[in-house]
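# Overview (structure and organization)
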Amino acid sequence: MIRRTLAIAVKELRQLRRDVRTTLALLGMPVVLLLLYGYALSFDVRHIRLAVVDQDGGRAARELREAFLATDTFDLVSAGNDARALDALFDSGRAQAALVIPHGYGSDRVAGRATTVQLVLDGSDAQTATAVLGYARQIVASAAPVWREPHSLGAIRPVASVWYNPDLSSSRFLVPGLLGFILMVTAVIATALAVVREKERGTMESLRATPLVAIELLIGKTLPYLLIGSVAAAGAIALAWGLFDVPVRGSLLALAAVTLLFLAGGLGLGMLISTMAETQQVAFQAALLISMLPTLLLSGFIFPISSMPRALQLVTHVVPARYYLVALRGIVLKGTGPEAWGMEAVALGIFATVVLLVATVRTVRSL
Amino acid sequence: MRGLLNVVVKELLQLRRDPKILPLLFVAPVFQLLILGYAATQDIRNIELAVCDLDRTAASRSLVDAFTGSTWFRLVATVDAQGELDPLLDSGRARLAVTIPAGFAADRAGGRVASVQLLADGADATTGTVGLGYAAEVVRRASEVGGVHSSIELRPVVLYNPDLASRNFMVPGVLAMIIMVMTMMLTAMALVREVEIGTMEQLLVTPLTPLNLIVGKIIPYALVGLVEVLSALPIALWWFRVPLRGSFFTLLVLTLPFMLCTLGLGLLVSTLSRTQQQAMMLTAFVFMLPQVYLSGFIFPIQNMPHGFQLLTTLVPLRYYVVILRGVFLKGVGFAVLWPQALALLGLGVVILTLARLRFRRRLG
């Protein structure tokens, strides 16, 4: 059994060696993609294009304006005193936010009266708008002294501290997610064509004539890709650690184990697709649809699972990347051990076993 | 012209013969739209909250109520000692922890500043940042109830999308993704398949000109793409209630130059690969992922390093995203969007020329 499995693995490796482009793509892609997107992706809000409409024109108004422009969060794109100019700026997208300081702002401040400023936001990019509003609130809060009603209670001051990622750098949070995404897509795509190619070229018949059983064929075909995937994953993790400042606080062994389970699940899923499809075109479409979208959307990589509707939260339980991300962020950022992510590792194991079993059953039927 | 039509018919027949591709072509977009419409939300709510109330007074309890009463937070645990918060944050069961120190009520009653400790899980930076912002807002309101006000009120006015629903933008974005996947990928694979199976030679000995062959291969998939968008659009408009403020005609006309680019890229890929596997990898990794990530669809372009910002000018989806946002949410038309349309046309012509050159070289 082992000999026959190995024979298939060797055959697959030989085929891979002849197709240099594919092998190089599988080996190099994770590293290249991580390098590319690790730099490009960030949710840190900076360089927001701000228009200022200063209808007051006094010193206090200028100070507030300077408070907005003091950091690199906002870049001034236009300054004036006519709010009607804003329409065109927002329609064309030249401004993303506008600060409107009304007439009388300065005198209110001098007299110690409460006053109002307006912040206009481009809601068509909801996510940036939300973040910008948060920043603006902070700036205004620190520019404004508090005033008290008579016999007021003491103010409450929030003292915030952040664990695991103290400067809340979004790349430290996104890079592990990106890693999971890239590994999943590469793994599924790698095996999605493995069986269907034999079908399409007609070589499945010759395999059928050999004494191979289904499980040998599947494992033999999966092994070379597991090897390639592990090498690629190791490279990508090293890159994340060396270049993107993602610490590995937990154990490397745990990291390797969880990553192998995740890869096995991805490769198994690719195999399953491959046994179900008749043509490579179908297999590819299905592979992209099944691996890319759920991993991008339903894993907690970009969109928080807790904000999704209840039914969709249930669906996320069959997305392996969901578990991998919890374990990966746990090991890498929090330095936690199996007591924190043990269940996730078990879930990954179950996923890999189930998809490989179903793929085997499907192959038995077609053999 | 007859030759062109024959290729189109042959391609459509082949599409029909594969029983699995049709459901995939038409079910997949609807499925994508539904999932994305519901999942792709940056509106962060229900952040898992743990509370450690060391004061245990009416004042501290009312602050806890202020947290749990908002839709921003969902209480998952109440503990009696600060040390018990660690495992909650470690396992990710809680994302934010609030500690109210002993003496909180006494400080407030005495008119002194009372502090409250907020502890955020930074491993999820987005939720962490937003969660801290929400918590600060809850605390500020609680402070205000006690009679302490900020002297400047910031009054936000949100244009185009007043309740800041990310769905209103994400759903039109899916339409772009569908067009891209279908036109680019199917075109690429349709041509490479002929090479791989060996039927390309047969096609070449027919009196078809290369142009006939290329255009004939493109048209069916352009049609499929259009039909898909037209079938997905009602879901976007009526199920998700995404407003279409601009005109449908503008949307349709401005979609054509985008499709020119994606079809061209599909052709280019097919001239660069010898097997369907290669074609697939090339489209997925070199042409599709950059479009998703570098288009400003999810990640803001202005945050990228300068070199990457330059790179995004070569990404067709970048311009189409601006067009979609403009037509759907801002209700603007050609007067504002002509630079994007022009950029897409330019890119499309360059891509098609490159593909044509490569194609000819391969035939020769």
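Residues numbered from 1 in each chain as written. Chains lettered and ligands numbered in written order. Predicted model: local features only at pLDDT ≥ 70, side-chain atom pairs only at ≥ 80, totals over all residues.

### Digging into the overall build of chain A
Summing up its helical and strand segments, chain A has 15 helices and 6 strands in all. The C-alpha atoms of chain A give 28 Å as radius of gyration, which overshoots the globular expectation for 367 residues (21 Å, by more than 25%). Taking the principal axes of its C-alpha atoms as reference, chain A extends roughly 95 × 45 × 40 Å. By the burial criterion, 50% of the 367 residues in chain A qualify as buried. Within chain A, contacts between residues at least 6 apart in sequence are counted, and of these 80% link residues at least 24 apart. (Helix = DSSP H or I, 4+ residues; strand = E, 2+ residues; numbered from the N terminus. Rg over C-alpha atoms; globule rule 2.2 N^0.38 Å. Buried ≥ 20, exposed ≤ 12 C-beta atoms within 10 Å, placed from the backbone. Contact = placed C-beta atoms within 7 Å.)

### What about the overall build of chain B?
What chain B contains, in helices and strands, is 14 helices and 6 strands. Expected size for 364 residues packed as a compact globule is a radius of gyration near 21 Å; at 28 Å, chain B overshoots this value by more than 25%. If you line up chain B on its principal axes, its C-alpha atoms span 95 × 45 × 40 Å. Counting across all 364 residues of chain B, residues that qualify as buried make up 49%. Put simply, 79% of the contacts in chain B that link residues at least 6 apart link residues at least 24 apart.

### Focus: the domain arrangement of chain B
For chain B, the assigned domains are domain 1 (2-40 + 165-363) and domain 2 (47-145). Using C-alpha coordinates to define each centre, domain 1 of chain B is positioned 48 Å away from domain 2 of chain B. (Domains from an automatic or database assignment.)

### Re the environment of Met189 of chain B
Mapped onto the elements, Met189 of chain B comes out in helix α7 (residues 167-197). Among the residues examined, Met189 of chain B registers 26 C-beta atoms within 10 Å and is labelled buried. Considering only alpha carbons, one finds Met189 of chain B and Leu164 of chain B, 25 residues apart in sequence, at a separation of 40 Å. Setting aside anything within four residues of it in sequence, one finds Met189 of chain B in contact with Gln281 and Phe284 of chain A together with Gln276, Ala279 and Met280 of chain B.

### Some points on the environment of Ala222 of chain B
All names here are of chain B. Mapped onto the secondary structure, Ala222 falls in helix α9 (residues 210-239). With 20 C-beta atoms packed within 10 Å, Ala222 lands in the buried category. In this structure, Ala222 is in contact with Thr183, Met259 and Leu263, ignoring residues within four places of it in sequence.

### Section: the nonpolar core
In this structure, Leu50, Leu179 and Ala283 of chain A are the most contacted members of the largest nonpolar core, which totals 200 residues. It is α7 of chain B that contributes the most residues to this core, 20 residues altogether. In contact with Leu179 of chain A, not counting residues within four places along its chain, are Leu34, Ala236, Ile237, Ala240 and Leu328 of chain A. Residues Ala50, Leu89, Ala120 and Tyr134 of chain B belong to the second largest nonpolar core, which totals 32 residues. (Core = buried A, V, L, I, M, F, W, Y, C linked by C-beta atoms within 7 Å.)

### A look at the interface of chain A and chain B
Contact with chain A, which involves 99 residues of that partner, is made by 101 residues of chain B. Of the residues belonging to the side of chain A that touches chain B, the class tally is 57 nonpolar, 27 polar and 15 charged. (Nonpolar A, V, L, I, M, F, W, Y, C, P; charged D, E, K, R; others polar.)

### Re the pairing of strand β2 (residues 73-79) of chain B
Side-chain direction in a regular strand flips from residue to residue, so the side chains alternate between the two faces of the sheet. Residues and elements named next belong to chain B. The sheet contact formed by strand β1 (residues 47-53) and β2 spans 6 bridges and is parallel. Following the sheet pairing, Ala50 is matched in β2 by Ala77. Taken together, β1, helix α3 (residues 58-69) and β2 constitute a β-α-β crossover, and its handedness is right-handed. (Pairing = 2+ DSSP bridges. Right-handed = clockwise from strand over helix to strand, strands pointing away.)

### Digging into the packing of α9 of chain B against helix α10 (residues 248-272) of chain B
All names here are of chain B. It is at 11 Å that the axes of α9 and α10 come closest, and there the two elements cross at 130°. If you check the angle between α9 and α10, you find them oblique. In this structure, α9 crosses over α10, and the sense of that crossing is right-handed. The residues of α10 that touch α9, namely those facing Ile214, Ile218, Ala222 and Gly225, are Met259, Leu263 and Leu267. Of the residues belonging to the contact of α9 with α10, the class tally is 6 nonpolar, 1 polar and no charged. (Axes fitted to C-alpha atoms, helices over the stretch in contact; angles between N-to-C directions. Parallel < 35°, antiparallel > 145°, perpendicular 65-115°, else oblique. Left-handed = near helix turned anticlockwise from the far one by under 90°.)

### Digging into the packing of helix α7 (residues 170-192) of chain A against helix α12 (residues 280-297) of chain A
Residue and element names in this part refer to chain A. At their nearest, the axes of α7 and α12 sit 9 Å apart, and the two run at 165° to each other. Classed by the angle they form, the pair α7 and α12 counts as roughly antiparallel. You can see that α7 and α12 cross each other, and the crossing is right-handed. Residues Gly180, Phe181, Met184, Val185, Val188, Ile189 and Ala192 of α7 touch α12, and the partners they reach there are Ala283, Phe284, Ala287, Ile290, Ser291, Met292, Thr295 and Leu296. Here the residues of the contact of α7 with α12 sort into 12 nonpolar, 3 polar and no charged.

### Observations regarding the confidence of the model for chain B
Per-residue pLDDT for chain B averages 83, and the proportion of residues at 70 or more is 95%. Of the two predicted TM-score estimates for the complex, the pTM is 0.78 and the ipTM is 0.73. (pLDDT = per-residue confidence, 0-100.)

### As for the pairing of strand β2 (residues 74-80) of chain A
Of the strand pairs in this sheet, strand β1 (residues 48-54) of chain A and β2 of chain A are connected by 6 bridges, and their pairing is parallel. From the neighbouring strand, Ile48 of chain A faces β2 of chain A, where its bridge partner is Phe74 of chain A.

### As for unusual backbone geometry
All names here are of chain B. One non-glycine residue, Arg56, adopts positive backbone phi at about 50°. Looking at the secondary structure, you find Arg56 in the loop between β1 and α3. Residue class for Arg56 comes out exposed when judged on the 12 C-beta atoms lying within 10 Å of it. Not every positive phi belongs to a glycine, and Arg241 is a case in point at roughly 55°.

### Things to note about the environment of Arg95 of chain B
Residue and element names in this part refer to chain B. By the secondary structure assignment, Arg95 is in the loop between α4 (85-90) and β3 (96-100). Look at Arg95 and you get buried, because 27 C-beta atoms sit within 10 Å. Excluding residues that lie within four positions of it along the chain, Arg95 makes contacts with Ile47, Glu48, Asp121, Asp124, Thr127 and Gly131.

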